[in-house]
Amino acid sequence: MAAKLSLKLKNFMQPIRPPLTIFLLGATGDLAKKKILPAIFQLFKKGVLSNNFQLIGMARRPMTHQQFQNYVNKIVSPIVKDADWSKFSQNLFYVSGDLTNAESYKELKHCHQQLQACGNHLWYVATLPKLYLDVIRNIKELSLEKTACGWTKFLLEKPFGTDLVSSQLLNRELLQVFAEDQIYRIDHFLAKETIQNLMVFRFGNGIFEHLWNRHHVDNIQITVAEQMGINERADFYDSIGVVRDVVQNHLLQMLTMTLMEEPVDLQPKTIHTHRMQFLSQLEVLDPITNPGKVVFGQYDQGTLDGKLVKAYRQEAAELSNSLTPTAIAAKLCVNSKRWQGTPIYLRAGKRLAQSVAEITIQFKEPINEMFKKHGIVQRGNLLTLRIQPNEGVVLRMNVKKPGLDLNMSQVPMQFCYKSEFQMGLVEAYQKLIYDAAQGDPTLFPQALDIEASWRVIQPTLDYLQDGDHQPDLYRAGSWGPPSFAKLLARDNRHWSEPSPGICNF
Ligand SMILES: NC(=O)c1ccc[n+]([C@@H]2O[C@H](COP(=O)([O-])OP(=O)(O)OC[C@H]3O[C@@H](n4cnc5c(N)ncnc54)[C@H](OP(=O)(O)O)[C@@H]3O)[C@@H](O)[C@H]2O)c1
């Protein structure tokens, strides 16, 4: 039977079939706190999770069930109503244990058997990526993937491995325990409304798709910038850096959804095949064979929102000599008939000037001589897809400036979710947990996509690992080091700066 489609019209969520047990591994972590536990609570409030569900959290720190309930209560208290909470809290349980140790899984199993062993099982792995293999092996060892009377799904957070070889190993081990259709790898950017909208925007509007190619597009730019630094997570961040943190996953997935070929239907398999085909047509990002196509930065001290912030190397004692890049700018090309020769510029990093994610399609200048002859400067149209914050789409077009003379001005035509759709956006983690439980894999990268995206950046990882490469320092609160601007200046182009004015009201 064909899997259900997440992109078809479905305006309300169906209840997830009970009884359901969610095993949340890494229940006390940053992601569980910020996203997963609030999303699960919201799904409960909406009636998607029934009273016949239970969540068993696991992490090392010791806590009783009651203490875990109090911990979750603090997290969801801004959105809690008493009645909802008292029903929800009865479903929360906790087992303290070390994920590297098989004994902990025995305790987890014991706790589960005492509650409700029969039913559907959703494993949500939200712990340190270096523990993923231990988790999979221990689940296998104790046969926890088996349930006599329901389904088992296995969700895991990015990054999937630390390079191509480790991602292949991870996929191999995963596939020894679960079938591919039980595995849901989470890259939450794919579940953002604005990324899902790319399919509708591109293929549901007759006016754009025939312009979406090298004949009409001058260049494509993708920016994923954060003002935030690394907070308390020095160890974690220093071991991954910007390339593994956001390029291998969010940026390449955004790029894929922007430029892949039109699928013939909305079946998850068709969409996955197109995503995979696009990723395999991307040129690898190799700083050695293509010097100057990728530049790295690391934040120095600077000012953000009027406050002085530390340099990366001052964030923790162990970072004092770190060469880990916290920002990157890169130029990529696609080996396809549609995109051959069209440059793609990617830029991402921490402690940059704004927290913003957007995709910009810069169209070529129109071919005509009449305005030029009169010294009137005309610019190519610019289409910006704002992913976050202030989600929307802006098309900048040329108009005649009112007045007696003929002058041209570029003005925005904008669509904003906030003003257009009062129901608000479906939060990405709610959507992903819901889709996984309902068996819809559309918005989840598959093993082969993941390996294809590691292949693109593997030469960059090798380059960073092999040498003593000093990243260019940039002032916190800026748009990166001067080398970022130079990367485009060499091609007579410049970065399109995200406009704080987009949909900002
Ligand atoms: N944070 C984000 O915004 C974010 C965004 C996207 C993806 N992710 C991904 O989500 C995953 C989790 O990230 P995070 O930021 O939540 O990490 P984190 O804050 O460091 O949390 C890690 C969790 O795992 C537990 N843990 C660590 N070692 C353990 C062990 N040996 N045995 C049992 N539990 C252990 C920790 O609790 P104890 O210390 O009590 O054991 C904690 O609950 C990572 O793969 C990350 O890449 C995070």
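Each remark here, short or long, concerns the structure printed above.
Let me sum up the structure you'll find in this document. (Residues numbered from 1 in each chain as written. Predicted model: local features only at pLDDT ≥ 70, side-chain atom pairs only at ≥ 80, totals over all residues. Heavy atoms only, no water.)

### Here's the deal with the overall build of the chain
Moving on, step 1. The secondary structure content of the chain amounts to 15 helices and 17 strands.
Moving on, step 2. Whereas a compact globule of 505 residues would reach a radius of gyration of roughly 23 Å, the chain reaches 24 Å, a difference of no more than 12%.
Moving on, step 3. Projected onto the principal axes, the alpha-carbon positions of the chain cover approximately 80 × 50 × 45 Å.
Moving on, step 4. Counting every position in the chain, which comprises 505 residues, the buried fraction comes to 55%.
Moving on, step 5. Within the chain, residue pairs in contact and separated by at least 24 positions form 78% of the contacts whose partners lie at least 6 positions apart.
Moving on, step 6. Mean positive and mean negative side-chain charge positions of the chain (56 and 49 charges, respectively) differ by 4 Å. (Helix = DSSP H or I, 4+ residues; strand = E, 2+ residues; numbered from the N terminus. Rg over C-alpha atoms; globule rule 2.2 N^0.38 Å. Buried < 20%, exposed > 50% of the residue type's maximum accessible area, 1.4 Å probe, protein only. Contact = heavy atoms within 4.5 Å. Lys, Arg positive; Asp, Glu negative; His and termini not counted. Charge placed at Lys NZ, Arg CZ, Asp CG, Glu CD.)

### Quick notes on helix H13 (residues 428-438)
Moving on, step 1. Where burial is concerned, most of H13 is hidden: 11 out of the 11 residues are buried.
Moving on, step 2. Every buried residue of H13 is accounted for by Ala428, Tyr429, Gln430, Lys431, Leu432, Ile433, Tyr434, Asp435, Ala436, Ala437 and Gln438.
Moving on, step 3. Residues of H13 that are buried in the fold lie against helix H1 (30-45), strand S4 (120-125), strand S5 (152-157), strand S6 (183-186) and helix H7 (193-203).
Moving on, step 4. In the stretch just after H13, glycine 439 is the one whose phi turns positive, near 80 degrees.

### Overview of the state of the cysteines
Moving on, step 1. Overall, the coordinates contain 2 disulfides when judged by the stated rule.
Moving on, step 2. There is a disulfide in this structure between cysteine 118 and cysteine 149, and the S-S distance comes to 1.5 Å. Of this pair, cysteine 118 sits in the loop between helix H4 (102-115) and S4 while cysteine 149 sits in the loop between helix H5 (132-141) and S5, and the two are 31 residues apart along the sequence.
Moving on, step 3. Cysteine 118 sits in the partly exposed class, given a relative accessible area of 37%.
Moving on, step 4. Among the residues examined, cysteine 149 registers a relative accessible area of 35% and is labelled partly exposed.
Moving on, step 5. One disulfide bridge connects cysteine 416 with cysteine 503, the sulfur atoms lying 2.1 Å from each other. One quick way to see it: the torsion about the S-S bond of cysteine 416 and cysteine 503 is about -85 degrees, and its sign makes the bridge left-handed. Residue cysteine 416 is found in strand S16 (residues 408-416), and its partner cysteine 503 is found in the segment after helix H15 (482-489); the two are separated by 87 residues along the sequence. (Disulfide = S-S within 2.5 Å.)

### Considering unusual backbone geometry
Moving on, step 1. Here the amide bond leading from proline 18 into proline 19 is cis, since omega sits at -10 degrees, within 30 degrees of zero.
Moving on, step 2. For proline 19, the location among the structural elements is in the segment before strand S1 (20-25).
Moving on, step 3. Put simply, glutamine 388 and proline 389 share a cis peptide bond, and its omega is -10 degrees.
Moving on, step 4. Positionally, proline 389 belongs in the loop between strand S14 (382-388) and strand S15 (392-400).
Moving on, step 5. Positive phi is not limited to glycine here, since asparagine 390 has a value of about 50 degrees.
Moving on, step 6. Within the element layout of this structure, asparagine 390 appears in the loop between S14 and S15.
Moving on, step 7. Residue classification places asparagine 390 among the buried positions, given a relative accessible area of 16%.
Moving on, step 8. A positive phi angle is found at cysteine 503, which is not glycine, with a value near 45 degrees.

### Quick look at the sheet that holds strand S11 (residues 327-332)
Moving on, step 1. Taken in spatial order, the 9 strands make up an open sheet running S16-S15-S14-S13-S7-S12-S11-S8-S17, and their pairing is mixed. Each edge of the sheet is formed by a strand with only one pairing partner; in this case those strands are S16 and strand S17 (472-475). Going from strand to strand, the sheet's axes swing by 20 degrees on average, the running direction of each strand aside.
Moving on, step 2. Sheet topology note: the S11/strand S12 (residues 344-349) ladder contains 6 bridges and is antiparallel. In the strand pairing of S12, lysine 331 is matched with tyrosine 345.
Moving on, step 3. Of the strands in this sheet, strand S7 (217-225), strand S8 (294-300), S11, S12, strand S13 (356-363) and S14 touch helix H9 (residues 234-259), which is tilted by about 140 degrees from S12. (Pairing = 2+ DSSP bridges. Axes fitted to C-alpha atoms, helices over the stretch in contact; angles between N-to-C directions.)

Geometry only, nothing functional implied.
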